Amino acid sequence: MLAGAEPQSVPPAEGAALAVSLLRRSGIAQTVLMPYADRLADFARWFRQLWAESLGKDGAGTTPIDALGTIDQHSQLQLWLDGPADKLFTLIVLDRAGTGARIGAALAADPALAYIRDRTIGDLMAAEQRATAEVLARNGRPVRAIRLSTLDERAMGAVMMHFMLETMIAAHLLGVDPFDQPAVEEGKALTRSYLAADGRAP
């Protein structure tokens, strides 16, 4: 990141500005992170905690929702498209075309399934993630896609740093301290006092 750089040239700053602007101008108070990779399910939960405990202070913040493609594409897309227009969507997509097992003719014998015959599982996943992004956009839902060419330790480090920076910048725009968690500490203090009351606390 270069000092004085325009926000649109710094992806974490652009993402933070997008989230805060949509909250203030359009009341979009939820942010959905949906990776299209089972290996990123724990990452999505990590993001949910990071965003929630860093920004949810003094009446500020947006509610993070972790999702997983293609599971939540099928279980929640109806709500996302035809329910309240109160969510920002971030899809993490992988270059999958041409990868994985090939769908043989026997599995696609039904004429209704002819479109998947001789395609790979990666082709199917690539089409699914593309279709989800496009249908969200066509229905006026704010959506962005972060594309990863591979999923290795370098890519994970980069995407984690992206979201840490995006969270810190969003906190600055919202006027909150991203590095404390007073509400959580209040719960911990009460827990300790309840345990101490029974006379067995250390």
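Data block above holds the structure.
Remember, predicted model here, so these are calculated numbers, not experimental data. (Residues numbered from 1 in each chain as written. Predicted model: local features only at pLDDT ≥ 70, side-chain atom pairs only at ≥ 80, totals over all residues. Heavy atoms only, no water.)

Draft legend 1. Geometry of empty space enclosed by the protein. For the structure shown, the criterion picks out two cavities of 30 Å³ or more. Roughly 60 Å³ of internal volume is contained in the largest cavity. As for the largest cavity, its lining consists of Gly15, Ala19, Thr31, Val32, Leu33, Phe47, Trp51, Leu88, Thr90, Arg144, Phe163 and Glu166. Of all the secondary structure elements, the ones that give two or more residues to the lining of the largest cavity are helix H1 (11–26), strand S1 (30–35), helix H2 (41–55), strand S3 (87–94) and helix H5 (153–174). Residues that form the lining of the largest cavity fall into these classes: seven nonpolar, three polar and two charged. Its boundaries defined by the atoms lining it, the second largest cavity holds a volume of some 30 Å³. What lines the second largest cavity is simply Ala19, Val20, Leu23, Trp51, Leu55, Gly61, Thr62 and Leu174. At the level of secondary structure, the elements contributing two or more residues to the lining of the second largest cavity comprise H1 and H2. Ranked by residues supplied to the lining of the second largest cavity, first place goes to H1 with three residues. For the lining of the second largest cavity, a count of residues per class yields six nonpolar, two polar and no charged. (1 Å grid on protein atoms, 1.4 Å probe; cavity = no way out; pocket = protein on both sides within 12 Å on 5 of 7 lines; lining within 4 Å. Points joined across faces, edges and corners; volume = space filled by probe spheres on them. Helix = DSSP H or I, 4+ residues; strand = E, 2+ residues; numbered from the N terminus. Nonpolar A, V, L, I, M, F, W, Y, C, P; charged D, E, K, R; others polar.)

Draft legend 2. Representation of the pairing of S1 within the structure. The buried fraction of S1 is high, at five of six residues. Pairing analysis gives six bridges linking S1 to S3, with the strands arranged parallel. Residue pairing in the sheet places Thr31 in a bridge with Leu88 of S3. (Buried < 20%, exposed > 50% of the residue type's maximum accessible area, 1.4 Å probe, protein only. Pairing = 2+ DSSP bridges.)

Draft legend 3. Highlighting the packing of aromatic side chains. As enumerated under the stated definition, the model contains five aromatic pairs in all. Between the aromatic rings of Phe47 and Trp51, the centroid separation amounts to 5.6 Å while the plane-to-plane angle is 35°, which identifies the pairing as tilted. Here the residue Phe47 and the residue Trp51 both occupy positions in helix H2, the gap between them amounting to four residues, near one helical turn. Residue classification places Phe47 among the buried residues on the basis of a relative accessible area of 3%. Residue classification places Trp51 among the buried residues on the basis of a relative accessible area of 2%. Ring centres of Trp80 and Phe89 lie 5.1 Å apart, and the angle between their planes is 55°; on these two criteria the pair is classed as tilted. Accessibility assignment for this pair places Trp80 and Phe89 in one class, buried. Here the aromatic cluster, defined as three or more aromatic residues joined through ring pairs, consists of Phe43, Trp46, Phe47, Trp51 and Phe163. (Phe/Tyr/Trp six-rings, centres within 6.5 Å; stacked < 30°, edge-to-face > 60°.)

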